[in-house]
Amino acid sequence: MSATTVAGRAPAVKKQRGLSDTGLARLFLSPSVLVMALVAAFPIIYAFVLSLYLYQGRLREGFGGLENYTEALTEPRFWDAVKATFIFTITSVSGEFAIGLGFALIMRQAFHGRGITRASILVPWVIPTVIAAQLWYFMFSVTPGFVNHILGLDRFNWLGEPGWAMFSIVFADVWKTAPFVALLLLAGLQTIPDELYESARVDGATTWQRFRFITMPLLKPAILVALLFRTVDALRVFDLPQVMTGGANNTESLSMLVQRFVVVTLDPGFGSALSTLTFILVLMIGVLFVRALGRDFVVGTGGE
Amino acid sequence: MAKDEGAVVETSFWRKFGRYSMLGFILLWCLFPFVWLIDTSLKLGDRALNSPSLTQGPFGLQNYISVFDQGFGYNLRNSAIVAGTTTIVCITVGSLAAYAIARLPLRGKVVILSAILAVALFPSVALVPPLYELWRNLGLLNTYPGLYIPYTAFTLPLTIFILTTFYASIPKDLEEAARVDGATAFQAFYKVVLPLAAPGVFAAAIIVFVYAWNEFLLASTFAPRDLVAQTVPVAIAAFTGSVEFQRPIGTITAACVIVTIPMIIMTLILQRRIVAGLTAGAVKG
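Residues numbered from 1 in each chain as written. Chains lettered and ligands numbered in written order. Predicted model: local features only at pLDDT ≥ 70, side-chain atom pairs only at ≥ 80, totals over all residues. Heavy atoms only, no water.

## Some points on the overall build of chain B
So, point 1. Regarding its fold elements, chain B presents 14 helices and zero strands.
So, point 2. In sequence order, chain B lays out its α and β elements as α-α-α-α-α-α-α-α-α-α-α-α-α-α.
So, point 3. Computed over its C-alpha atoms, the radius of gyration of chain B comes to 25 Å, more than 25% above the 19 Å expected for a compact globule of 285 residues.
So, point 4. If you line up chain B on its principal axes, its C-alpha atoms span 85 × 75 × 30 Å. (Helix = DSSP H or I, 4+ residues; strand = E, 2+ residues; numbered from the N terminus. Rg over C-alpha atoms; globule rule 2.2 N^0.38 Å.)

Below is the structure:
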């Protein structure tokens, strides 16, 4: 083992036979590890270092310790962003889950038209979020006012009212991602053998009982994975509120707040403190999910 | 007797009707907003563009011409280069790592996979302040590498998960036979496994490309205005700018259609592979 610790040196010894398998494994893995370490892990540490300093505009004024953090945690705007992000995450993920599960169950039943439905379900997935945001901005806006037209409302200003602005953003997100959730759940449903349903039917189980005692328990792993990825994704929401409301009417998310302190307000110290807090928050929720999924999930994702 | 049969036919008709109307609802959900987008992009003049009616004319291609007058061609070029580079680098680097995890003897696989998963769960906004400082010092703001480097890091986890699943599904016997015949581990990977994994590699490549093509947060922070590197999503969001209260709906919808149509065509052609890739990355029983 120790002879091949430095993968690059091994060929000199075993030129004829190539690298040992372990050496090759390390060699294959190293570029990925390097990229992720340099671009993901290192900046996190750098952000923490930056967050300990005080800035006046771009100029470093001195070491501030945790001062940026106390300032962030006592800043009402931070808590408003936390609240908006959580409201968005909880409502959009539950909406996507309910509708996605419905779609998946319908598609599992269908024999004719499954192909075209599955193809069309990819359309909202492939549309860039910014485009979905512009699309629904116009749908909900007063002119042309398509949503108002359908609902028979006159000139209701969806994006201008505090609660309804968030509703519109959540709706746009559910439109875009419920089909994606359906796709993941459909793949999970297709792993459940038909025989189970048939024998349950023979035993006299009702549709609800079959759903409750066969579908739900066997679908649980797929559900948890879909919820994990959707929740983490929803917590970092940026595109939709940025384009649809610009953060007005209590729709400013954590990602928007951080980005603003980097691009508009130009305070690397405070911005880094906010980004570090966001990072900790999202990672904590991710860890909770992975705990719930168990160790098998991580190993299982690796194939074997 | 006859009555019973009639009842059976009737319920199955309603059943069928219910099923098809539910499928119809899914199709409507997924496709109607896009149809609306195309319809609006073809409308000309304030009267048509401000009307909720789908048939209010006049119609024409004027909006498409004015999109390109605003330099949208540069944005398309930038997005193609950034997304293309991300895909090539990510697939090259990621397929090696996935093979190592799926097939080669490696200690601490659980630790490696956990670390990769952690990066997958990473909020990209956490990178915005530190990378902005780094890119500013390195002169990478408003450049292609400033975008495709972080994109590669963020798409690597998903690529590795998808490809590991595909590699693991290839029978081991084939490789072992090659090894018995005197092939090295690298030759077994390169000549036996890689060609067989091509569909998986392809699926991963499309998903990476779509991510890089659609990314907005980093793009709007690291390359906000300069046409030298500004990507399509940033441009589409920035059409807002000119007059605060009146977004140019015709131009925006035309730009959206231009970007979306090739992607939808690609998706429809490759749908089986994409679905296989998406579900391999996320669903494991």
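Moving on from the coordinates now.
## As for the domain arrangement of chain B
Often, the extent of an interface is quoted as the loss of accessible area upon association of its parts.
So, point 1. Split by domain assignment, chain B resolves into domain 1 (2-49) and domain 2 (71-238).
So, point 2. Placing a centre on the C-alpha atoms of domain 1 of chain B and another on those of domain 2 of chain B gives a separation of 38 Å. (Domains from an automatic or database assignment.)

## Thoughts on the packing of aromatic side chains
So, point 1. By the definition in use, this model includes 41 aromatic pairs over all chains.
So, point 2. Taken together, a centroid distance of 5.8 Å and an interplanar angle of 85° make the contact between A:Phe140 and A:Phe171 edge-to-face. Of the two residues, A:Phe140 sits in helix H6 (residues 129-140) while A:Phe171 sits in helix H8 (residues 162-189), which places them 31 residues apart along the sequence.
So, point 3. Arranged with centres 4.4 Å apart and planes meeting at 45°, the rings of B:Tyr99 and B:Phe189 form a pair that is tilted. You can see B:Tyr99 sitting in helix H4 (residues 72-103) and its partner B:Phe189 sitting in helix H9 (residues 185-196), a full 90 residues away along the chain. The exposure classification of B:Tyr99 matches that of B:Phe189, with both residues buried.
So, point 4. An aromatic cluster of at least three residues, connected via ring pairs, comprises A:Phe103, A:Trp136, A:Phe140, A:Phe156, A:Trp158, A:Trp164, A:Phe167, A:Phe171, A:Trp175, B:Phe25 and B:Trp29. (Phe/Tyr/Trp six-rings, centres within 6.5 Å; stacked < 30°, edge-to-face > 60°. Buried < 20%, exposed > 50% of the residue type's maximum accessible area, 1.4 Å probe, protein only.)

## Examining helix H13 (residues 249-269) of chain B
So, point 1. End to end, H13(B) covers 30 Å across 21 residues, agreeing with the expected 30 Å (1.5 Å per residue, within 8%).
So, point 2. Counting buried residues along H13(B), 15 of its 21 residues qualify, which places the element largely inside the surrounding structure. (Expected span 1.5 Å × (residues − 1).)

## A look at the packing of H8(A) against helix H10 (residues 207-235) of chain A
Angle between the axes and distance between the axes: these two values describe a pair of packed helices.
Residue and element names in this part refer to chain A.
So, point 1. In the contact formed by H8 and H10, the axes pass within 9 Å of each other and the chain directions differ by 140°. Classed by the angle they form, the pair H8 and H10 counts as oblique. Crossing angle aside, the handedness with which H8 passes H10 is right-handed. Between H8 and H10, the residues in contact are Asp 173, Thr 177, Phe 180, Val 181, Leu 184, Leu 185, Gly 188 and Leu 189 and Thr 215, Leu 219, Ala 222, Ile 223, Ala 226 and Arg 230, respectively. (Axes fitted to C-alpha atoms, helices over the stretch in contact; angles between N-to-C directions. Parallel < 35°, antiparallel > 145°, perpendicular 65-115°, else oblique. Left-handed = near helix turned anticlockwise from the far one by under 90°. Contact = heavy atoms within 4.5 Å.)

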